[in-house]
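Listed here are the chains, written in short residue letters.
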Amino acid sequence: MSEVKLIGVVGAGQMGRGIAQVGAMNGFKVIMFDINADGLKFGHDFIAKQLAKGLEKGKWDQGFVDSTLANLTATTDLKDLKDCDLVVEAATENKKIKFELFRNLDEIVKPEAILASNTSSISITEIAANTNRPEKVAGMHFMNPVPVMKLVETITGLETSTETIELVEATAQKMGKTVVRADDVAGFAVNRILMPMINEAFYTLYEGIADAKGIDNAMKLGCNQPMGPLELADFIGLDTCLAIMEVLHEGLGDTKYRPCPLLKKYVTAKRFGRKSGKGVYEY
Ligand code: NAD
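Please read these numbers as outputs of a predicted model, since none were measured by experiment.

Asker: Got a minute to help me understand the overall build of the protein chain in this structure?
Answerer: Of the regular secondary structure elements, the protein chain holds 11 helices and eight strands. Projected onto the principal axes, the alpha-carbon positions of the protein chain cover approximately 55 × 45 × 30 Å. Within the protein chain, buried positions represent 49% of all 283 residues. A sequence separation of at least 24 residues applies to 67% of the contacts in the protein chain between residues at least 6 apart. With the model as given, the accessible surface of the protein chain reaches about 13300 Å², and the carbon-plus-sulfur share is 53%. Taking the average location of the 33 positive side-chain charges in the protein chain and that of its 37 negative ones, the two points are 5 Å from each other.

Asker: How should the packing of helix 10 (residues 238-252) against helix 11 (residues 261-268) be read in this particular structure?
Answerer: Two quantities define a packed helix pair, namely the angle between the axes and the distance from one axis to the other. Contact geometry of helix 10 with helix 11 gives a least axis separation of 9 Å together with a crossing angle of 135°. As judged from the angle between their axes, helix 10 and helix 11 are oblique. By crossing handedness, the relation of helix 10 to helix 11 is classed as left-handed. Every residue of helix 11 that contacts helix 10 at Leu238, Asp239, Cys241 and Leu242 is listed here: Leu263, Lys264, Tyr266 and Val267.

Asker: What exactly am I supposed to notice about the domain arrangement of the protein chain here?
Answerer: A common way to report how large an interface is uses the accessible area buried once the components associate. Under the domain assignment used here, the protein chain contains domain 1 (6-183) and domain 2 (192-275). Using only C-alpha atoms to locate each centre, domain 1 and domain 2 end up separated by 26 Å. Taken residue by residue, the interface counts eight residues in domain 1 and eight residues in domain 2. Buried surface at the junction of domain 1 and domain 2, both sides included, amounts to about 660 Å², of which 62% is carbon and sulfur.

Asker: Help me understand the nonpolar core, please; the structure alone is not making it clear to me.
Answerer: Buried together is how nonpolar side chains tend to be arranged in soluble globular proteins. If you look at the biggest cluster of nonpolar residues, it comprises 51 residues, and the most contacted ones within it are Leu81, Phe202 and Leu230. Those elements giving two or more residues to this core turn out to be strand 2 (29-33), helix 4 (95-108), helix 5 (124-128), helix 7 (190-206), helix 8 (212-223), helix 9 (229-236), helix 10 and helix 11. Counting residues per element, this core draws most heavily on helix 10, at seven residues. Split by domain, the residues of this core number at least three in each of domain 1 (6-183) and domain 2 (192-275). Not counting residues up to four positions away in its chain, the partners in contact with leucine 230 are Ala201, Phe202, Leu205, Ala212, Ile215, Asp216, Val280 and Tyr281. Among the nonpolar cores identified, the runner-up in size contains 34 residues, and Ala12, Val22, Leu40 and Ile114 belong to it.

Asker: Please explain helix 9 as it appears in this structure.
Answerer: Given 3.6 residues to a turn, an α-helix orients residues that are three or four positions apart in the same direction. The element helix 9 is largely enclosed, with a buried count of six among its eight residues. Buried within helix 9 we find Pro229, Leu230, Leu232, Ala233, Asp234 and Ile236. Its buried side turned inward, helix 9 meets helix 1 (14-25), helix 7, helix 8 and helix 10. Just beyond helix 9, the residue with positive phi is glycine 237, at close to 115°.

Asker: Before we go on, may I ask you to explain the sheet that holds strand 4 (residues 86-89) in this structure?
Answerer: Hydrogen bonds between backbone atoms are what pair the strands of a sheet, whose relative direction is either parallel or antiparallel. The strand order across the open sheet formed by eight strands is 3-2-1-4-5-6-7-8, and the pairing between neighbours is mixed. Looking at the sheet topology across the chains shown, the edges are occupied by strand 3 (72-75) and strand 8 (178-183). With direction set aside, neighbouring strand axes in the sheet form an average angle of 25°. Set on the sheet, helix 6 (residues 162-174) makes contact with strand 1 (6-10), strand 4, strand 5 (114-117), strand 6 (137-142), strand 7 (151-156) and strand 8; between it and strand 6 the angle comes to about 25°.

Asker: Can you help me understand the side chain of arginine 133 in this one?
Answerer: Secondary-structure assignment places arginine 133 in the loop between helix 5 and strand 6. Taking relative accessible area as the criterion, arginine 133 reaches 4% and is therefore assigned buried. A polar side-chain atom of arginine 133 sits 2.7 Å from a polar atom in the side chain of aspartate 106. Apart from residues no more than four positions distant in its own chain, arginine 133 is found in contact with Leu105, Asp106, Val109, Lys110, Pro111, Ala113 and Leu115.

Asker: What am I meant to see in the site of the ligand here?
Answerer: Around the ligand there are 26 residues in total, and Asp34, Glu93, Lys98, Ser120 and Ile236 lie nearest to it. In the model, an oxygen atom of the ligand is placed 2.7 Å from a nitrogen or oxygen of the aspartate 34 side chain. Threonine 92 places a main-chain nitrogen or oxygen 3.5 Å from an oxygen atom of the ligand. Its free accessible area being 840 Å², the ligand has 87% of it covered by the protein chains. Of all elements in the fold, only helix 1, helix 4 and strand 6 reach the threshold of two or more residues within the shell around the ligand. Of the residues contributing to the shell around the ligand, the split by class is 11 nonpolar, 11 polar and four charged.

What counts as what
- Residues numbered from 1 in each chain as written.
- Predicted model: local features only at pLDDT ≥ 70, side-chain atom pairs only at ≥ 80, totals over all residues.
- Heavy atoms only, no water.
- Helix = DSSP H or I, 4+ residues; strand = E, 2+ residues; numbered from the N terminus.
- Buried < 20%, exposed > 50% of the residue type's maximum accessible area, 1.4 Å probe, protein only.
- Contact = heavy atoms within 4.5 Å.
- Areas by Shrake-Rupley, 256 points an atom, 1.4 Å probe, with all protein chains shown as cover.
- Lys, Arg positive; Asp, Glu negative; His and termini not counted.
- Charge placed at Lys NZ, Arg CZ, Asp CG, Glu CD.
- Axes fitted to C-alpha atoms, helices over the stretch in contact; angles between N-to-C directions.
- Parallel < 35°, antiparallel > 145°, perpendicular 65-115°, else oblique.
- Left-handed = near helix turned anticlockwise from the far one by under 90°.
- Domains from an automatic or database assignment.
- Buried area = accessible area lost by both parts, 1.4 Å probe.
- Core = buried A, V, L, I, M, F, W, Y, C linked by side-chain atoms within 4.5 Å.
- Pairing = 2+ DSSP bridges.
- Polar contact = N/O pair within 3.5 Å; in protein donor to acceptor, adjacent residues only side chain to side chain.
- Near = heavy atom within 4 Å.
- Nonpolar A, V, L, I, M, F, W, Y, C, P; charged D, E, K, R; others polar.

Have a look at this one:
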């Protein structure tokens, strides 16, 4: 296969709906799947609202909105992804969920298709081992919010072929993104650096060194970061941050990666951040 035309997106959460939107905006046909019908509808409506907002601001015209929406369909039946050239999985950051999805996708989707994961930290080699096409499995790690952030980190698993990674990268570029390639080691490049900083911000709060606003202001005003680490953690999702820290801790084995007990406590209390209305801050 030399070109991707039809993209399947698995998961219609913050990331999946962003990937689907950017794909459809750049001329790809996109099918978005979620197991949760309400979540799927929310994701589709969210994309339509984003497009309407852009229209109001004069970023694009009605014709562009119509053609983008015409490129996009939504389904709760995974089998509808069978003809996709590329599937980007963006379901919850959980090994069990992802491994099962890749086993099912491998059976359903045509054999020449590429199966990519937007995972923040789970091993691409391990995900690929759940399929009979490990050479056609790669990491395609978009950043949040997908329509705004320029980077796609691509990840080569042990068996990922050159043809596969090059086609994934060409597709990301057609979506207007810049690619950085990383090796398949826990956290890859972005989260190997970002998550320990966020985790350390939680320890700083936990140990009473500064309050939440103080920590965020320290990093914004003192280190020129556009968002403070705790604000950013709420934006990413505290459940996702904890899942990534657990993968770093388990995968790299160093105690410096142990998740902060306060982060764990917030997730236990279902304080997931912006998406649940409460995290470090209230929304
Ligand atoms: P989210 O909680 O917003 O959305 C997850 C979606 O997955 C939900 O809609 C849920 O219904 C769906 N889902 C769960 N199980 C499923 C299944 N078996 N089949 C289909 N859909 C299923 O999470 P998110 O922030 O969009 O994260 C999704 C993925 O993207 C994770 O792997 C995460 O690590 C990664 N990621 C997140 C960010 C971020 O900033 N949030 C950034 C980069 C990558």
